Amino acid sequence: MQTEIGRLLLYIRIKWVVIISIFLLVATETIIGIVQPIATMSSFVALVIASLTNLVLFYIIKRKQPYTLTSYLFLLFDLALVILALYFNGGLENTWLFLPVLLIFFSGYIFTMRVSLSLAALAYAGILAISLLEYFEVIPHLTIYNIQNFLRNNLEYNIDNLVGLFLLYFASAFSSGYINQIMRNTFKDLENSMLNYKASQEESEASRKALMNIMEDLGKTKDELEIRVSQRTSELEEAKTNLEKKVFDRTVDLEESRKAILHMMKDLKEDMFKLQTIDRLKTEFLSMVSHELRTPMTPIKGYVSLFLSGKMGSLLPAQIEAIKVISRQSEHLLDLIESILDVSRLELGKPIPTKMEPLSLEKVVREVLEANIINFENRGLSYQLDISNNLPTILGDEIKIKRILTNLIGNSIKFTPKGGALQIRVSLDDSNAQVEVSDNGIGLAKEHMEKIFEKFFQVDSSYTRATGGIGMGLAIAKELAELHGGRIWAKSDGLGKGSSFFFTIPIGKKGGE
Amino acid sequence: MAKKILIIEDYPATTEMIENILKTEGFQVITAPDGPAGLKQARSGKPDLILLDIMMPEMSGFEVLEKLKAERETAKIPVIIISVRASEENIAQGKELGAIEYMSKPFDPFKLVEIVKTHLGL
């Protein structure tokens, strides 16, 4: 429709040109005076009408969408006007019979070939009708050049003229219609191309916009990322600085610790060396002391023996008793000295000298018990001896075995309350003679069962003073039993339930060496 | 004639005690407080038996014994060692050097008398 409006406007413009041209021509002819007044008049009337219709059409087009029918009607009206104007201007006489061609051509150009053909047919029909009506004198011939009986006198010319007009009208109808079709198709193609181009342009615009958005987003994201990265970087930088400081501090601390440890190690080494020296000195001192103590014991024991022998004169019974006490106490003192000596030997790792010889265990046991009679009496204790009949001679150091027995019996006496009883049992199995010393004394706690055989161990240190021990008795007894290839152990049902001590000596074997 | 016994001992109370008991048993006793004096006494006094201590200042009993056995005049005098040191090594050393007996201190004085008498054939 848009194109039709454009073509209608072009039609209006050309029509103005035609109107002005005809006006100038008619005016010129009028001034010259070669045409009839009626023709001039009708021409002016037609020009005025044509101008008015042109204005109306222009007005319609500008004001609103024109209907195709309106356009048809205007074309038909113009055609009718042109035909009528031609009739009043001499009919076939007039050379402007080509004028309808403009209308036919435009109708084809504006609308379709069908319209232009219809218009061509109508125009020709109009011209033919006027010619026939004038020929048969139904209507008068209005000559412009003052020619009488134009049709009848110039029949051949007029027929040729009509045939030529026919060809002219239809040729213009065909050609305009054809041009219109070509133009329409071209225009359609162009329009399609335009549409396609527009669509693709829109599409690319949309894509561009999307791309721009994405770019913008990316830009924003990049900025955010840069900010974050810079934040993180500064955080990391800070952390790194802190870490470096910490590491430095720690290194300093470590260096100090290392120095302190080295210092401590040096001190420890010195301490250890001092301790070792002290320990060695102690052991040497023990050895020395025990030997030195034995020296004054020699004259003491010697004089006691002399007194008791009566070779230094007779003594009163009370004096003899007193000397006997000195004798026993000096024996006890010697025993303690001997223990110290044994301890110093244990400490030094020196072998305790032994003198292995065949001996009767029964005899040894009886002698130790006899030597302790006074202690049993003093403590108000009784004892029972139970010796196996078939006891063989054993190989051992009498003094050492006596010391084991003395220690065990001494302990039982110490730790059994007044009125208690001891049982000494000597028995035999396949390879060992076993001596058991049991009492119904204070007993032993389970946790002390092993510890009592350790050096200087005392269940209760107050006993040390009360009973005169040094906490070495059982350690020495253990050492001595093992020296004979035997062993020593203790049993007890608990505190207050008495205790039993056992030691074994292998039969017929010379153990320990 | 009473047998003469030399006591070489640095601890006076012990010397005195032994001297005392030996005299009651009828022996003649001479004494020396250390090794060098003991050697002199052994040479000049011509004792029948020597009781020798080991732990002495200046010269140990073993050195004295060695010298006694090295000299012709004193080599045949029987020597009994009396010492607080009575380990197997000590005893072995003493016997090797020529001591006839090794007694551990303190000892029963009458046992000493018994041993002395045995070795003198009394």
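Residues numbered from 1 in each chain as written. Chains lettered and ligands numbered in written order. Predicted model: local features only at pLDDT ≥ 70, side-chain atom pairs only at ≥ 80, totals over all residues.

J.: What should I look at first to understand the overall build of chain A in this one?
T.: Helix and strand counts for chain A stand at 13 helices and 7 strands. Within the span of chain A, comprising 513 residues, buried residues form 24% of the whole. Sequence separation of 24 or more characterises 75% of the internal contacts of chain A that already satisfy a separation of 6 or more. (Helix = DSSP H or I, 4+ residues; strand = E, 2+ residues; numbered from the N terminus. Buried ≥ 20, exposed ≤ 12 C-beta atoms within 10 Å, placed from the backbone. Contact = placed C-beta atoms within 7 Å.)

J.: Sorry if this is basic, but what is going on with the sheet that holds strand β3 (residues 49-53) of chain B here?
T.: The strands that make up a sheet pair up through hydrogen bonds in the backbone, lying either parallel or antiparallel. All names here are of chain B. As summarised here, the arrangement of the 5 strands in space is β2-β1-β3-β4-β5, forming an open sheet in which the pairing is parallel. Every interior strand has two partners, whereas the edge strands, β2 (28-32) and β5 (101-104), have only one. Direction aside, neighbouring strands of the sheet carry axes that sit 20 degrees apart on average. For strand β4 (residues 79-83) and β5, the ladder comprises 4 bridges, and the chain directions are parallel. The residue bridging I82 from the neighbouring strand is M103, located in β5. (Pairing = 2+ DSSP bridges. Axes fitted to C-alpha atoms, helices over the stretch in contact; angles between N-to-C directions.)

J.: Looking at this structure, how should I read the pairing of β3 of chain B?
T.: As a general feature of sheets, a regular strand has side chains that alternate between the two faces. Residue and element names in this part refer to chain B. Within β3, 5 of the 5 residues are buried, which leaves the element mostly enclosed by the surrounding structure. Alignment of strand β1 (residues 4-8) against β3, held across 4 bridges, turns out to be parallel. Its bridge partner being in β3, I7 is matched across the sheet by L51. In this structure, β3 lies alongside β4, joined through 4 bridges in parallel fashion. Counterpart to I50 in the pairing with β4 is V79.

J.: Even after reading the chapter, I still don't get the interface of chain B and chain A, so can you show me in this structure?
T.: Where interface size is given, it is often the accessible area lost as the parts come together that is meant. Each partner contributes residues to the interface: chain B has 18 residues there, and chain A has 16 residues. The set of elements that each furnish at least two residues to the side of chain B that touches chain A consists of α1 (12-24) and α6 (109-119) of chain B. Sorting elements by how many residues they give to the side of chain B that touches chain A places α1 of chain B first, with 8 residues. When its residues are assigned to classes, the side of chain B that touches chain A shows 9 nonpolar, 4 polar and 5 charged. (Nonpolar A, V, L, I, M, F, W, Y, C, P; charged D, E, K, R; others polar.)

J.: For this particular structure, what's the right way to read the nonpolar core?
T.: The nonpolar side chains of a soluble globular protein tend to be buried, and buried together. Residues and elements named next belong to chain A. In this structure, L79, I83, L103, I104, L119 and A123 are the most contacted members of the largest nonpolar core, which totals 33 residues. Element by element, the count of residues in this core is highest for helix α3 (residues 68-88), at 9 residues. Setting aside chain neighbours within four positions, we find L103 in contact with L75, D78, L79, V82 and L119. Of all hydrophobic cores here, the second largest spans 31 residues; its members include V343, I394, I401 and I505. (Core = buried A, V, L, I, M, F, W, Y, C linked by C-beta atoms within 7 Å.)

J.: Which parts of the structure should I look at to understand the sheet that holds strand β4 (residues 421-428) of chain A?
T.: Residues and elements named next belong to chain A. Ordered by their spatial adjacency, 5 strands build an open sheet running β2-β4-β5-β7-β6, and the pairing between neighbours is mixed. In this open sheet, the two edge strands, each paired with only one partner strand, are β2 (382-387) and β6 (488-492). The average angle at which neighbouring strand axes cross in this sheet is 15 degrees, direction not considered. Where β6 meets strand β7 (residues 499-506), 5 bridges bridge the pair, whose relative direction is antiparallel. Residue pairing across strands places K491 opposite S500, the latter belonging to β7. Contacts from helix α9 (residues 361-371) reach β2, β4 and β5 (432-439), with the element oriented near 170 degrees to β4.

J.: Explain helix α5 (residues 113-135) of chain A here, please?
T.: For the α-helix, the turn length of 3.6 residues means that residues three or four positions removed from each other point alike. Residue and element names in this part refer to chain A. For α5, spanning 23 residues, the distance from its first C-alpha to its last is 32 Å, which sits close to the expected 33 Å at 1.5 Å a residue. Those residues of α5 that sit buried are V115, S116, L119, A120, L122, A123, I127, S131 and E134. Looking at the buried side of α5, the elements it contacts are α3, α4 (99-110), α6 (150-153) and α7 (155-309). (Expected span 1.5 Å × (residues − 1).)

J.: Before we go on, may I ask you to explain the environment of I505 of chain A in this structure?
T.: Residues and elements named next belong to chain A. Within the secondary structure, I505 is located in strand β7. Taking the C-alpha atoms as reference, I505 lies 7.1 Å from A481; in sequence the two are 24 residues apart. Ignoring any residue separated from it by four or fewer positions in sequence, one finds I505 in contact with I394, G396, N432, A433, H484 and G486.

J.: I would appreciate a short explanation of the confidence of the model for chain A in the present structure.
T.: Close inspection of predicted coordinates is inappropriate for parts of the model with low pLDDT. Residues at a pLDDT of 70 or more form 95% of chain A, whose mean pLDDT is 84. Within the model, the stretch residues 464-468 of chain A combines pLDDT values under 50 with 4 contacts to residues more than four positions away or in other chains. (pLDDT = per-residue confidence, 0-100.)

J.: I keep staring at the packing of α3 of chain A against α4 of chain A and nothing clicks. Help me out?
T.: Any two packed helices are characterised by how steeply their axes cross, that is the angle between the axes, and by the distance between the axes. Residues and elements named next belong to chain A. It is at 9 Å that the axes of α3 and α4 come closest, and there the two elements cross at 170 degrees. Regarding the angle of α3 to α4, the classification is roughly antiparallel. Across the interface between the two elements, S71, L75, D78, L79 and V82 from α3 touch L99, P100, L103, S107 and I110 from α4. Classifying every residue of the contact of α3 with α4 gives 7 nonpolar, 2 polar and 1 charged. (Parallel < 35°, antiparallel > 145°, perpendicular 65-115°, else oblique.)

J.: Would you mind going over the pairing of β4 of chain B with me for this structure?
T.: Buried residues dominate β4 of chain B, accounting for 4 of its 5 residues. Running through helix α5 (residues 88-97) of chain B, the crossover from β4 of chain B to the neighbouring parallel element β5 of chain B is right-handed. (Right-handed = clockwise from strand over helix to strand, strands pointing away.)

J.: In this structure, what is going on with the environment of L128 of chain A? I would like to understand it.
T.: Here L128 of chain A is to be found in helix α5. Separated by 38 residues in sequence, L128 of chain A and F166 of chain A place their C-alpha atoms 9.5 Å apart.

J.: Help me out: how do you make sense of the environment of P47 of chain B in this one?
T.: Residue and element names in this part refer to chain B. Take P47: it is sitting in the loop between α2 (35-45) and β3. For P47 and L6, which are 41 residues apart along the polypeptide, the C-alpha to C-alpha distance reads 5.9 Å. When sequence neighbours within four positions are dropped, the list of residues in contact with P47 reads K4, I5, L6, I30, A42 and I77.

J.: Is there a simple way to think about helix α3 (residues 61-70) of chain B in this case?
T.: Residues and elements named next belong to chain B. The complete set of buried residues in α3 reads G61, V64, L65 and L68. Each buried residue of α3 sits inside an arc of 100 degrees when the element is viewed along its axis, so together they form one side. Buried residues belonging to α3 abut β1, α2, β3, α4 (72-75), β4 and α5. (Arc of directions from axis to C-beta.)

J.: Any chance you could explain unusual backbone geometry here in plain terms?
T.: Peptide bonds are, in most cases, trans, and in most cases residues other than glycine have a negative phi. Cis geometry marks the peptide bond from K105 of chain B to P106 of chain B; its omega dihedral reads -10 degrees. One non-glycine residue, E137 of chain A, adopts positive backbone phi at about 60 degrees. Here E137 of chain A is to be found in the loop between α5 and α6. Look at E137 of chain A and you get exposed, because 11 C-beta atoms sit within 10 Å. Within the chain, K46 of chain B stands out as a residue other than glycine whose phi angle is a positive 45 degrees. Along the chain, K46 of chain B turns up in the loop between α2 and β3.

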